[in-house]
Structure formats: C-alpha cells, structure tokens
Amino acid sequence: MTDAAGNSSTVNGTPFTVDHTVPNAPSAAPDMTDATDTGSSQIDNITHIDKPDFNVGVLPSDVQTVRLLVDGSVVNAIVSQDANGNTILTPVNALSGSLAITYEYVDFAGNVSERSPGLSVTIDTTAPTAPSAPALATSSNSGSTADTVTNDNTPEITGSGTDGDLITLKDA
C-alpha cells in the first residue's frame, strides 16, 4: 500500500478463499418419520402432529447445514440427528393443511443448493365431528325396546358418522 507521500507499507494479512461453488442438490425427497406419521399407515404422510419430523438422510461432508422449506418458503427448523446419523428437521412453528415439503443444503461458505424433490404431506389437527350415539337395532332387541337389553350375541348396532372416519365401539 502506498500513501500520498509515496511511503509504502508491507501487506499483512491472512489469505482467504472466495467460494462461489453451490453444493449439489439433494437427490432424495424428505421422509416424514414413522413416529410422526399418524395416518392409517406409516407411509401415507398424513399426521395430526403439527410439528412433524422429516428425515433428510446423512448430510454430505461439504454441507454445513440444511434448511427446511414448506411450500417453497424457508421455515425455521430444529436440526438434529437420529441414532443412525440421519439429519432430522422439525419445524419450529406449527404447520397445517396440504403442504409440499423440500429441503436444501448450505455449505461452509453459505452457498445454497437447489431444492430436493418434494414430499406431499397432510397435517390435519381438526378432530372429526362426533358420531351419533349408537343404538341397538330393533331387530336385535330381544326384550323391551325401551331397555336396550338383548340376549343376541351378535347384535346389530346402528349410528352415523363421517365417511372415512374410524368409529370404535367400546364396552361401557
């Protein structure tokens, strides 16, 4: 460096590297963990949990962290690892509805990869409408119709509910 009077100084400093190389995009879609997939199967990606866990696998060595995207927007997420070294992303804020979940890698220089393939999920936190009270069908009632007592070992029970909901009868 030289000043206006022509005096020169020695350059002191630490060398550095400028890195503009974007990490490779993730090749696999995220996977809702079995523990938080509460639908009719552990692979239907339907849950009542509003902050489900998403497994994004083991991170490549050139990746520092990973970001969770919901419908294309980055959301705050807790990043953790399971016992197998897989990275798990858990949204900080509650989610609901039908959503597209993706993720992207961030390397040590802050470069961001393209997004992963998407995972369609449904987060339904609304309880179903209560079914009508069950009733003993007249054809199964062996005594007085007012007492709802029967000696029929396979009685017919009637009632109504919402299509697709599971109704469970319990012994009182």
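Whatever comes next refers back to the structure up there.
Fair warning: this is a prediction, and the values are worked out from it, not measured in the lab.

Student: I'd like to hear about the sheet that holds strand 4 (residues 63–70), residue by residue, with values.
Tutor: Consider a sheet: its strands pair through backbone hydrogen bonds, and that pairing is either parallel or antiparallel. The sheet built from 5 strands is open, its strands ordered 2-9-8-4-5 with mixed pairing. Here the strands that pair on one side only, and so sit at the sheet edges, are strand 2 (46–47) and strand 5 (73–75). The pairing of strand 4 with strand 5 spans 3 bridges and is antiparallel. Residue pairing across strands places V70 opposite S73, the latter belonging to strand 5.

Student: Pulling in residues and values, what's your account of unusual backbone geometry?
Tutor: Most peptide bonds are trans, and most residues other than glycine sit at a negative phi. Its identity as a non-glycine residue notwithstanding, N45 has a phi of 60 degrees, on the positive side. Mapping N45 onto the fold places it in the loop between strand 1 (31–32) and strand 2. With relative accessibility at 11%, the residue N45 sits in the buried group. Even without being a glycine, D71 presents a positive backbone phi close to 50 degrees. Looking at where D71 falls in the secondary structure, it is placed in the loop between strand 4 and strand 5.

Student: Mind laying out the sheet that holds strand 6 (residues 77–81), listing which residues take part and the relevant values?
Tutor: Taken together, 4 strands build an open sheet; the order of strands is 1-3-7-6 and the sheet is antiparallel. Strand pairing shows two members of the sheet lacking a second neighbour, strand 1 and strand 6, which therefore form its edges. By the bridge criterion, 2 bridges tie strand 1 to strand 3 (residues 54–55) in an arrangement that is antiparallel. Bridge pairing in strand 3 places D31 opposite N55.

Rules used in this analysis
- Residues numbered from 1 in each chain as written.
- Predicted model: local features only at pLDDT ≥ 70, side-chain atom pairs only at ≥ 80, totals over all residues.
- Heavy atoms only, no water.
- Pairing = 2+ DSSP bridges.
- Helix = DSSP H or I, 4+ residues; strand = E, 2+ residues; numbered from the N terminus.
- Buried < 20%, exposed > 50% of the residue type's maximum accessible area, 1.4 Å probe, protein only.

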